[in-house]
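What the coordinates show
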Amino acid sequence: MCGIVGYIGKRRARDYIIQGLKILEYRGYDSAGLAVFDGCGKINCIKRAGYVSQLESATIGTEGNCGIGHTRWATHGAPSDVNSHPHTCGKFTLVHNGIIENFVSIKSQLANKGKRFLTQTDSEAIAVFLDDVYDGDVIKALSAALKKLKGSFALAILCKDFPDKIFVVKKQSPLVVGIGDAECFVASDCMAFSQYTDKAVYLKDNEIGEVSSQGIKLFDGNGNRKAVKIEKTATEYFAPADCKSFMYKEIYEIPKAVQYTAEEFFANDEKKLGVVDIFSKNDKVVMIGCGTAYNACLVGKNIFETVLRVPVEVELASEFRYKNPIIDDKTVVVAVSQSGETADTIAGVRLAKSKGADVVVITNVAHSSITRYADMVLHTKAGAEVAVAATKSYLTQILLFLCVATVLSDDLKSVAAIKKEIESLPQLTQKTLALDEQVHKLAKEFCKKQSVFFIGRGLDYALALEGTLKLKEVSYIHSEGFASGELKHGTLALIDKNALVIAVVTQRHVAEKTCNALHEVQARGGKVVIITPFEKAKNDVECDAFLQLPSSSGLIAPMSAIIPLQLFAYYMSIERGINPDKPRNLAKSVTVE
Ligand code: M6R
């Protein structure tokens, strides 16, 4: 939520800031702004509601080699020019990612001292606070801020007294400083500067940094100097969407994503032994995640229970973190998060650790915050996922559950079969992409629908839930996912001639049952689409559209079936004139509660 960038060095800061903000726009895109020292000690601050492209045109000609920028996902205060970052008070101009939970009381304390506020944001309170406590020592003021502010924050700050420095602070929101040749980059995600340097300093919670063109000086929360550790960044060069959109591009990257993820997992013997060790010493498995990652856990549960005959509990991380979960030092909690920055999932992991559980993290971002709490990290190799809708990452998460099951199972025959299927996945998913045109036609036909239902049984029910989430978030159409056997227990009342029901049928043993449910839909005049590898289903139901998946076994089939669901959501979005990469009200990385 919100992207921060900063630059100091020999280039024109504005150019890097705009470029970096475009790369980080997935983190929030309701407004953007920048502030740059003009070379004579003055700070030029320009901010606008709207996309970074609007800021780009408003900042042409902005000179200076030191500056900060921000792309916003509003938490406090509507998206507007005035609420956009940077915020300025006195000598301080700053950008903020996160939430200041006690901003109301800070504001009222400062207001009582006669300070004025111009915005409805929580972030402005930080600038006003810094201005209030500043006595010429910025590090001291920032230490005081760390003690005063409650909540999560990553800050990049300019102070008029130091036109050749950017100050940074981190607590529970990501912040990384890229170290170049006589230049430094500040960003929420190293993707923003990965084309300039692969050396970076990942700030830890409660650290303060003083960044100059020569590098970074680090301080702890009390202002004491700390050693600096420079690491190699893991993100590959950010590839711009050279086709229709990032969502479309990322769906088409699925075959490679699954190939790389499986290769990485099976090539690492130490990791496989670690998996065996961690799962065999525990007797309870709990999986947590949010949104698509949660839906992947539902599939993971099914895989573990089918292959390993081990019971698994799945919890929404946002619920798990606020209950008193029945877990202890004999529990392994598997936390799934593409970004590794989701606040609810990180909080769930911290709770699990506090109760003595072991934590296995499945994430797509190697240096992400969540990895710091993990006993073991399993890395999905989906590559950077920029579109807000999770697509390729979902498949790689499911794939890792399958990979883990193969090393934990002692049924050698079924392990060999699953491994063979995993090997065939790049091909299987590639073949499935051939449904593209057919799916596009469907979207053209149904894009005016006001409501779409997805149904399935067992694993297919988990897929139905993911299909519905995808459709809602990028097309704004009301949609629900149901276990097909549940229709007659209430939902059937919603079905009439306006209804569209999409059935996922990949589980042979319950295929007929779902087809029966479709008959019930048709009897009420509803339209019916079937997605299945079973040709026979065509004869069982006279459907309005039939999407034939390439054949594969029950455990692997969901990985293929999700592709037409993702493409359907994508095309519905396009047909309705929506930008699928930037759906309203959402951001890729949900770093606040
Ligand atoms: O980065 P994470 O996997 O932790 O994100 C979790 C959810 O916010 C995410 O999956 C969200 O539901 C997606 N936008 C769905 O497409």
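Criteria and cut-off values
Residues numbered from 1 in each chain as written. Predicted model: local features only at pLDDT ≥ 70, side-chain atom pairs only at ≥ 80, totals over all residues. Heavy atoms only, no water. Buried < 20%, exposed > 50% of the residue type's maximum accessible area, 1.4 Å probe, protein only. Helix = DSSP H or I, 4+ residues; strand = E, 2+ residues; numbered from the N terminus. Pairing = 2+ DSSP bridges. Disulfide = S-S within 2.5 Å. Contact = heavy atoms within 4.5 Å. Near = heavy atom within 4 Å. Polar contact = N/O pair within 3.5 Å; in protein donor to acceptor, adjacent residues only side chain to side chain. Areas by Shrake-Rupley, 256 points an atom, 1.4 Å probe, with all protein chains shown as cover. Axes fitted to C-alpha atoms, helices over the stretch in contact; angles between N-to-C directions. Core = buried A, V, L, I, M, F, W, Y, C linked by side-chain atoms within 4.5 Å. Phe/Tyr/Trp six-rings, centres within 6.5 Å; stacked < 30°, edge-to-face > 60°.

1. Description of the pairing of strand E18 (residues 331-337)
With seven of its seven residues buried, E18 lies for the most part within the structure. By the alternation rule, side chains of E18 split into Thr-331, Val-333, Ala-335 and Ser-337 and Val-332, Val-334 and Val-336, which are all buried. Relative to E18, strand E16 (residues 284-289) runs parallel, the two sharing five bridges. For Ile-288, the partnering residue across the bridge sits in E18 and is Ala-335. When E18 meets strand E19 (residues 358-363), the two strands line up parallel, connected through six bridges. If you follow Val-334 over to E19, its bridge partner there is Val-360.

2. Remarks on the state of the cysteines
Per the counting criterion, the structure on display carries zero disulfides. Cys-297 provides the cysteine sulfur closest to Cys-403, a residue in no disulfide bond, and the two sulfurs are 15 Å apart. Note on Cys-403: relative accessible area 0%, which makes it buried.

3. Some remarks on helix H1 (residues 13-23)
Within H1, eight of the eleven residues are buried, which leaves the element mostly enclosed by the surrounding structure. By the burial criterion, the buried members of H1 are Ala-13, Arg-14, Tyr-16, Ile-17, Ile-18, Gly-20, Leu-21 and Ile-23. Considering only its buried residues, H1 is in contact with strand E1 (3-8), strand E2 (31-37), helix H2 (52-58), strand E4 (66-72) and strand E10 (184-187).

4. A word on the site of the ligand
Taken together, 15 residues surround the ligand, and among them Ser-337, Gln-338, Ser-339, Thr-342 and Glu-473 come closest. Within the backbone of Thr-292, a nitrogen or oxygen atom sits 3.1 Å from an oxygen atom of the ligand. Within the complex, 91% of the 410 Å² of free accessible area of the ligand lies under protein. Elements represented by at least two residues in the shell around the ligand include exactly helix H9 (291-308) and helix H15 (459-475).

5. Side note on unusual backbone geometry
Residue Pro-86 is bonded to the preceding His-85 through a cis peptide linkage, with omega at 0°. Looking at the element boundaries, Pro-86 is found in the loop between E4 and strand E5 (87-89). Positioned with a positive phi, Asn-206 is a non-glycine residue whose angle comes to about 65°. For Asn-206, the position within the fold is in the loop between strand E11 (199-202) and strand E12 (207-212). Exposure remark for Asn-206: the relative accessible area of 34% places this residue in the partly exposed category. Positive phi outside glycine occurs at Arg-309, with the angle close to 55°.

6. Describing the sheet that holds E18
Two modes of strand pairing occur in sheets, parallel and antiparallel, and in both the strands are linked by backbone hydrogen bonds. Strand order in the open sheet formed by five strands is E17-E16-E18-E19-E20, and the pairing between neighbours is parallel. Each end of this open sheet is capped by a strand with a single partner; those strands are strand E17 (312-316) and strand E20 (376-379). With strand direction ignored, the average angle separating the axes of adjacent strands in the sheet is 20°. Seen against the sheet, helix H8 (residues 269-280) touches E16, E18, E19 and E20 and runs at an angle of roughly 130° to E20. The sheet contacts of helix H12 (residues 392-408) involve E16, E18, E19 and E20, and relative to E18 the element is tilted by about 150°.

7. Remarks on the nonpolar core
Among the nonpolar cores identified, the biggest contains 112 residues, and Phe-279, Ile-303, Phe-304 and Phe-568 are the most heavily contacted of them. Looking at this core element by element, the count peaks at eleven residues for helix H18 (residues 557-575). Each residue touching Phe-279, except ones within four places of it in the same chain, is listed here: Val-285, Phe-304, Val-332, Val-334, Val-360, Val-404 and Leu-408.

8. Here we look at the packing of aromatic side chains
If you walk through the whole model with that rule in mind, you get 17 aromatic pairs. Note on Tyr-248 and Tyr-252: the rings are 4.9 Å apart at their centroids and 40° apart in plane angle, and the pair reads as tilted. Placement of the pair is Tyr-248 and Tyr-252 together in helix H6 (residues 246-252), with a separation of four residues, close to one helical turn. Look at Tyr-252 and you get partly exposed, because its relative accessible area is 33%.

9. As for the environment of Ala-154
Along the chain, the position of Ala-154 falls in strand E7 (residues 151-159). Separated by 54 residues in sequence, Ala-154 and Ile-208 have C-alpha atoms that sit 10.0 Å apart. With residues near it in sequence (within four places) discarded, Ala-154 still touches Ile-4, Val-95, His-96, Asn-97, Val-169, Lys-170, Ser-173, Pro-174 and Leu-175.

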